[in-house]
Amino acid sequence: MLTMNRRRFLGTSAAAGAALVGGLGRLPTAEAASAASQLTPGVPSGIASYVTMGTLPGKKPLIQLSDRPPNYEAPLEYFRTAITPNNEFFVRYHLAGIPEDIKAETYRLKVGGEGANGPIELTLDDIKKLPAIEVTAVNQCSGNRRGLSTPHVAGVEWGYGAMGCARWKGARLKDILAKAGIKKETIEISFNGAEGPVVEKTPDFIKSLPTWKAMDENTIVAYEMNGAPLPYFNGFPARLIVPGWTGTYWMKHLVEVNALTKPQGGFWMKPAYRIPVGEFPVVARFLTQEDATSTPITEIVVNSLITSHRDGAKVKRGKVTVSGLAWDGGYGIRTVDVSTDGGKTWVSAKLGQDHGRFAFRPWSFELNAKHGKNTVMVNATNRIGQTQTAKLLFNGAGYHNNVMQSITLVA
Amino acid sequence: MRKLVIVSVAVLMAGAALADEQVINLKKAPGVDKVEGNCGACHSLAYIPMNSPYLKPAQWSAEVDKMIKVMGAPIDAADAQAIKDYLAKNYGG
């Protein structure tokens, strides 16, 4: 049980976030357009009946799917760079009990559990004194593109924009765990953030990782994002970074880490955040949580997005540069292939700067646009040969939608 | 305790108008007051139009049951039925 004062953040105006991030930056083009026009084609039509662009403290306008808890999606034009700026990064919470303010000076991270030698408490400075590493990684919500599922499934109906890629700096989780001392009986490490429920009976948002992933050299407790303190709504002052795995494990406002000798048994591990066993070609498995039919979602499946144009955009005849991003669960992108004939023939796109195997990989393709309709279809392949799917692999929670995108450009 | 929690939420919601609060105008129909009073105590009413119009009556019913049984929403049986009927009729597929 947390002792922190949990309150909704919305009454607090700009106090917390704006001061930390410092200014709202340039006037975004999104502000001029209506939010409905920013929605990904195919999301449930009910969203357009209410949606507006919302501006959280320290953020540029984002598509405000819900304010309580805050679920804000990034519009397409925020994905034209491989690194997503802090003020353009999407926001996702499960529970509406969010502390109105967390001060870096009074922040404490508790590390304990029955698999630890003894509970310890670390200040932010303690964490910063540990060796710092920086890793560039995509944070993608497990439910990104849920809104495109056919048939539709219940949940937060994200389009393309529940993701971002940043340079995260922090201490390795294994160094933090070593300070507490971890017993060999430990099978999972669990995480709790300052986010909490509105009514007491609602299960608190607690997640766990298998010990091997928690001890991975790239799994860190980050206090910086793109060279600045974390934005409040992206987990200030410290959050977990689990490169390659979906955002559900990236606990924001991390306040508690426990070494477990039994599988974490909370709602948010089971039945939530599960995929059918064997449906997806994932390498990394979370075996202590797996049962006969379902297994926790783990690594991000290989995927890509055209970000230079929206479906149906008008272009000039002749040479048009179509560009976008590709990413996967940390194997790295090998190729991005483009088809202009509905998938019969493919040519390789030009890959842009490599920011590391966990990052967005930019790509571009020169289309020779002809009069009328031109289709552009994209398929990314990672370094272990995984590709996107032609058809949706349906699952009840709407996860892992990596169907090859196809758009029409009209010249 | 339950009463206390709900009261504190109501107070906090009053303060929310200062910032970026979402305005959700649900369809005016029988039961809308039960939806606003119960569902809106813990989360934005945006979840309703967001998940429409495709959810079938049985799916809306399952969502309401989940909120009560799994999420611990303190909703009595009569209100729960009114909420299910409202959602199926006004936001169902």
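The structure under discussion appears in the preceding block.
Student: Help me out: how do you make sense of the interface of chain A and chain B in this one?
Tutor: Each partner contributes residues to the interface: chain A has 31 residues there, and chain B has 31 residues. It is strand 2 (residues 62-67) of chain A that provides the largest number of residues to the side of chain A that touches chain B, a total of four residues. Residue composition of the side of chain A that touches chain B, grouped by class: 13 nonpolar, eleven polar and seven charged.

Student: What's the story with the pairing of strand 18 (residues 318-327) of chain A in this structure? I'm lost.
Tutor: Residue and element names in this part refer to chain A. As defined by bridge partners, strand 17 (residues 303-306) adjoins strand 18 across four bridges and the pair is classed as antiparallel. Bridge pairing links L305 to L325 in strand 18. Here strand 18 runs beside strand 22 (residues 361-369); their pairing, made up of nine bridges, is antiparallel. Bridged to G324 within strand 22 is W363.

Student: Help me understand the sheet that holds strand 23 (residues 373-382) of chain A in this model?
Tutor: Strand pairing within a sheet occurs via backbone hydrogen bonds; the two strands may be parallel or antiparallel. Residue and element names in this part refer to chain A. Reading across from one edge, 20-19-23-24 is the order of the four strands in this open sheet, with antiparallel pairing throughout. Strands at the two margins of the open sheet, each flanked by one partner only, are strand 20 (347-348) and strand 24 (406-410). For strand 19 (residues 333-339) and strand 20, the ladder comprises two bridges, and the chain directions are antiparallel. By the bridge assignment, D337 is partnered in strand 20 with S348.

Student: Hey, could you run me through the environment of N139(A) in this one?
Tutor: By the element assignment, N139(A) lies in strand 7 (residues 132-140). Setting aside residues no more than four positions away along its own chain, N139(A) makes contact with M163(A), G164(A), G247(A) and W250(A).

Cut-offs and rules
Residues numbered from 1 in each chain as written. Chains lettered and ligands numbered in written order. Predicted model: local features only at pLDDT ≥ 70, side-chain atom pairs only at ≥ 80, totals over all residues. Contact = placed C-beta atoms within 7 Å. Helix = DSSP H or I, 4+ residues; strand = E, 2+ residues; numbered from the N terminus. Nonpolar A, V, L, I, M, F, W, Y, C, P; charged D, E, K, R; others polar. Pairing = 2+ DSSP bridges.

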